[in-house]
Amino acid sequence: QVQLVESGGGLVQPGGSLRLSCAASGNIFSVYAMSWYRQAPGKERDLVAGITTGGSANYADSVKGRFTISRDNAKNEMYLQMNSLKPEDTAVYYCNAWIVIIGNHHSSIYWGQGTQVTVSS
């Protein structure tokens, strides 16, 4: 019914930049809060950044000043601009979103499949 698809991951050198995208599609009535999470090998999945429908954003301390989250409500898409990347940013990055499906009266959370980001020289 609903799919979230991330793209834009890859291999980048320390200090480099990447831009991740997350596209929501399907029987969508409305998309509310959206977020980026990441999970490094052997570690828990942690919040990176979140954004409300109105554009209010919050960030993990480890990425403040380096990452910028944004969204295009008309396209049901979210982005993560990642600058000054560090090896410790290496992880699988996941997007999620609270979505109301057409015909429903409540929102549910949906997750993408993840995209690998590797920061290495």
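Just so it is clear, the structure is predicted and the values come from calculations on it, not from any experiment. The numbering scheme is per chain: residues are counted from 1 as the chain's sequence reads. Local features in a predicted model are, by the rule used here, given only for residues with pLDDT of at least 70; side-chain atom pairs are given and counted only at 80 or more, and totals for whole chains, interfaces and linings are based on all residues. Computation of side-chain values covers all heavy atoms of the structure but excludes hydrogens and water.

Before going further, it helps to spend a moment on the nonpolar core. The term nonpolar core refers to a set of buried residues drawn from Ala, Val, Leu, Ile, Met, Phe, Trp, Tyr and Cys, joined through side-chain atoms within 4.5 Å. Classification of residues uses two cut-offs on accessible area relative to the type maximum, computed with a 1.4 Å probe and protein chains only: under 20% is buried, over 50% is exposed, and between them is partly exposed. Residues Trp 36, Leu 80, Met 82 and Tyr 93 are the most contacted members of the largest nonpolar core, which totals 29 residues. Looking at this core, the elements that each hand over two or more residues are β1 (2–7), β3 (18–26), β4 (28–39), β5 (45–51), β7 (67–72), β8 (77–82), β9 (91–101) and β11 (115–119). By the criteria applied, helices consist of DSSP H or I runs no shorter than four residues and strands consist of E runs no shorter than two, each listed in order from the N terminus. The biggest single contributor to this core is β9, with six residues. Contacts are assigned to residue pairs with any non-hydrogen atoms lying within 4.5 Å of each other. With sequence-adjacent residues up to four places away left out, Tyr 93 is seen in contact with Glu 6, Leu 20, Tyr 37, Arg 38, Val 48, Phe 67, Leu 80, Met 82, Gly 114, Thr 115 and Val 117.

By disulfide we mean two sulfur atoms from cysteines, separated by a distance within 2.5 Å. In total, this model carries one disulfide according to the counting rule given. The disulfide partner of Cys 22 is Cys 95, and the gap between their sulfur atoms is 2.1 Å. Taking the sign of the torsion about the S-S bond as the criterion, the disulfide between Cys 22 and Cys 95, at about 60°, is right-handed. Placement of Cys 22 in strand β3 and of Cys 95 in strand β9 is noted, with a sequence separation of 73 residues between them.

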